[in-house]
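Given next are the chains, with one letter for each unit.
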Amino acid sequence: MVSAGSPYNTFDGPGFPSCHNVSEIYRPKSMDEMVDIVKKVVARDGDKARIRAAGKGHMWYDTMCTDNGTTVLVQTEEVAGIYDFNLPEGATEGSVVIDGGVAFFQLAEYLHERGASVGYTLTNWNISFAGSIAMGAHRSSIREDSMVAAGALALDIIDGQGEIRHIERDFTDDNWLAATTSLGLLGIIARIKLKIYPDTKVYAKQDILEEKDVLDGDIYALIAPYATANLWYWPYKRKFHHRYYDVVDAKKYPQNGFQNTFSVTELEAIAARTLLDSGKYLPTSNMIAEEIFYSQWSEPNFREKTNNTDIKSWPVYGWNYDVLIGGLYPDQKAQWDYNLRAYTLELAFPMTVANQMLKRVRSLFDAELKKAIVMTSTYRSGINIKFGKPFYDFLGQVTYNTSDGADWSKGVIMFDFPSYRPTVGDNKRFNEKFYHNLASTLIKEFPCRPHWTKNSREVFTQSVKNLDPTHLAKFKAVRERFDPKGVYRSVVGEILGLY
């Protein structure tokens, strides 16, 4: 199946391009079809052939493709088989094989029915596994492996000639170290062998912390004891929400909590959009918004899955994926379906500078306050502060032993700053320059690495100086073996000097 399309959009829909110049969109149903498509396009277009894999479009900016020519997209959503489930009774871990288009909620349901889960190497429901591995996606944990690629045991990649390359997990193999955060530059991740584990029930608990207690406290101690944990920062309120999760005995806790991830009612969306649009011009509207969002986020964003009723108090108990990720409530829609959209910035820093980095962020908010400009969070859950256990590869956010001299071996703190994109006027935010200055300051003053789908071209360009040139060179060498003609090139790869 093929159609024409230019441009191709992010999950935010029309008006939000991820790829500007698309000549064709293919929708194969099997790995063999994907192989045939790649071979056909390369034979037809020769040195001008440009191909990118497209999963669920979970990205924010126009960084998916190259501006150099038109691109053929291979949409993987219908290549979604699940095979070879292997978790013997009593085993502590096993494996399953999935096609690259499988999304997290699809595999979660399949595994739960068989008493299994992927543990903590997961991310949001509306993302494909292959896309998550290609872009280095992650959950938030220092204790447990939480980068999606950390759960991979083998990858099948369709290279620039249309051949299938099988790569086994091997940290001495440069092919593996490039493939686990490949940015899609090696080819289409067509099949993945994953670790799986016996399913577990977990609890979710949330506390409110004063800002000073986090900025001056032991951040590592807040996160490391738990299977997964994160912070949400409310700069106007000068408070944090501290949420943490861990395993409980399923027999003792019958509750089946399900987390609301991104869903809202139409009335909520209209009210939020009206208030936040006025915040483009009136900072008082943004102050009111943060007060409201903070109050709402203090309560559990969970329902009882069996009867769809609100859960009113912490802690919340439920099965692994339902509590850690969840999805949309059945009577609601995703916030972007109601024109609630965001700009994003996400940078990762070594845990050894966690307090310094957050204090620097606070100082940038305070610098505006001294000019009588009040800056706030304009997102429903504040500023997300996530964490990562070290996992070695070439381009991942949580890699280590890099040339910057920083100690990344203690783990990583991610500063994930979504901010409302006004629907009025020029779509710029109140005091737009603040956001650009914050990004530039953090990149300039700290060792840091960008998230590969949550940043603009501007941020990627500034961030190159912080990346290990040896890692970039080794990645480039692998890329040249897999895709010597640059069939899968993207603007991000070009910014990184990989072509």
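Residues numbered from 1 in each chain as written. Predicted model: local features only at pLDDT ≥ 70, side-chain atom pairs only at ≥ 80, totals over all residues. Heavy atoms only, no water.

Participant: Quick one: what's the story with helix α8 (residues 283–298), residue by residue and with numbers?
Facilitator: Helix length check: α8, at 16 residues, gives a terminal C-alpha distance of 23 Å against a target of 22 Å (1.5 Å per residue), a fit within 8%. Within α8, the full set of buried residues consists of Ser 285, Asn 286, Met 287, Ala 289, Glu 290, Phe 293, Tyr 294, Trp 297 and Ser 298. Lining the buried residues of α8 we find β13 (201–210), β14 (228–234), β15 (239–248) and α7 (266–278). (Helix = DSSP H or I, 4+ residues; strand = E, 2+ residues; numbered from the N terminus. Expected span 1.5 Å × (residues − 1). Buried < 20%, exposed > 50% of the residue type's maximum accessible area, 1.4 Å probe, protein only. Contact = heavy atoms within 4.5 Å.)

Participant: I'd like a description of the nonpolar core, backed by residues and values.
Facilitator: Residues Leu 107, Phe 129, Leu 155 and Ile 192 are the most contacted members of the largest nonpolar core, which totals 80 residues. Setting aside residues up to four positions removed in sequence, Phe 129 forms contacts with Ile 98, Gly 100, Val 102, Ala 103, Phe 104, Leu 107, Val 118, Thr 121, Val 148, Ile 192 and Leu 194. Counting residues in hydrophobic clusters, the runner-up holds 44 residues, among them Val 248, Leu 347, Phe 349 and Phe 415. (Core = buried A, V, L, I, M, F, W, Y, C linked by side-chain atoms within 4.5 Å.)

Participant: With reference to specific residues and values, describe the state of the cysteines.
Facilitator: Taken as a whole and assessed by the stated rule, the structure comprises one disulfide. A sulfur-sulfur separation of 2.0 Å characterises the disulfide bridge that pairs Cys 19 with Cys 65. Across the S-S bond of Cys 19 and Cys 65 the torsion is about -110°, and the bridge reads as left-handed. Of this pair, Cys 19 sits in strand β3 (residues 17–19) while Cys 65 sits in the loop between β5 (51–54) and β6 (71–75); the two residues are 46 residues apart in sequence, bridging distant segments of the chain. (Disulfide = S-S within 2.5 Å.)

Participant: Outline the environment of His 58, listing residues and values.
Facilitator: Assignment of secondary structure puts His 58 in the loop between β5 and β6. For the pair His 58 and Tyr 294, spaced 236 residues apart in sequence, the C-alpha separation works out to 25 Å. Each residue touching His 58, except ones within four places of it in the same chain, is listed here: Phe 11, Asn 124, Asn 126, Ile 127 and Thr 453. In this structure the side chain of His 58 is engaged in a polar contact, spanning 3.3 Å, whose partner is the side chain of Asn 126. (Polar contact = N/O pair within 3.5 Å; in protein donor to acceptor, adjacent residues only side chain to side chain.)

Participant: Let's hear about helix α11 (residues 432–445): which residues, and what values?
Facilitator: With 14 residues, α11 extends 21 Å between its outermost C-alpha atoms, agreeing within 8% with the 20 Å of an ideal straight helix rising 1.5 Å per residue. Along α11, the residues that are buried comprise Glu 432, Phe 434, Tyr 435, Leu 438, Ala 439, Thr 441, Leu 442 and Ile 443. Packing partners of the buried residues in α11 comprise β23 (346–350), α10 (354–369), β25 (412–416), β26 (419–420) and α12 (457–463).

Participant: Lay out the pattern of salt bridges with the relevant residues and their values.
Facilitator: Applying the stated rule across the entire model yields 37 salt bridges. The partner of Lys 410 in a salt bridge is Asp 407, with the nearest N and O atoms 2.8 Å apart. For Lys 410, a relative accessible area of 41% puts it in the partly exposed group. Residue Asp 407 is classed as partly exposed on the basis of its relative accessible area, which comes to 29%. Via salt bridges that share partners, Glu 211, Arg 238, Arg 362 and Asp 366 belong to a single interconnected network. (Salt bridge = Lys/Arg side-chain N within 4 Å of Asp/Glu carboxyl O.)

Participant: Any details on the sheet that holds strand β19 (residues 309–310)? Residues and values, ideally.
Facilitator: With respect to topology, three strands assemble into an open sheet ordered β16-β18-β19, the strand pairing being antiparallel. Looking along the sheet, the strands with just one partner apiece sit at the ends: β16 (257–259) and β19. Pairing geometry for β16 and strand β18 (residues 302–304), over three bridges, is antiparallel. Counterpart to Gly 257 in the pairing with β18 is Glu 304. (Pairing = 2+ DSSP bridges.)

On their own, these measurements won't tell you what the molecule is for.
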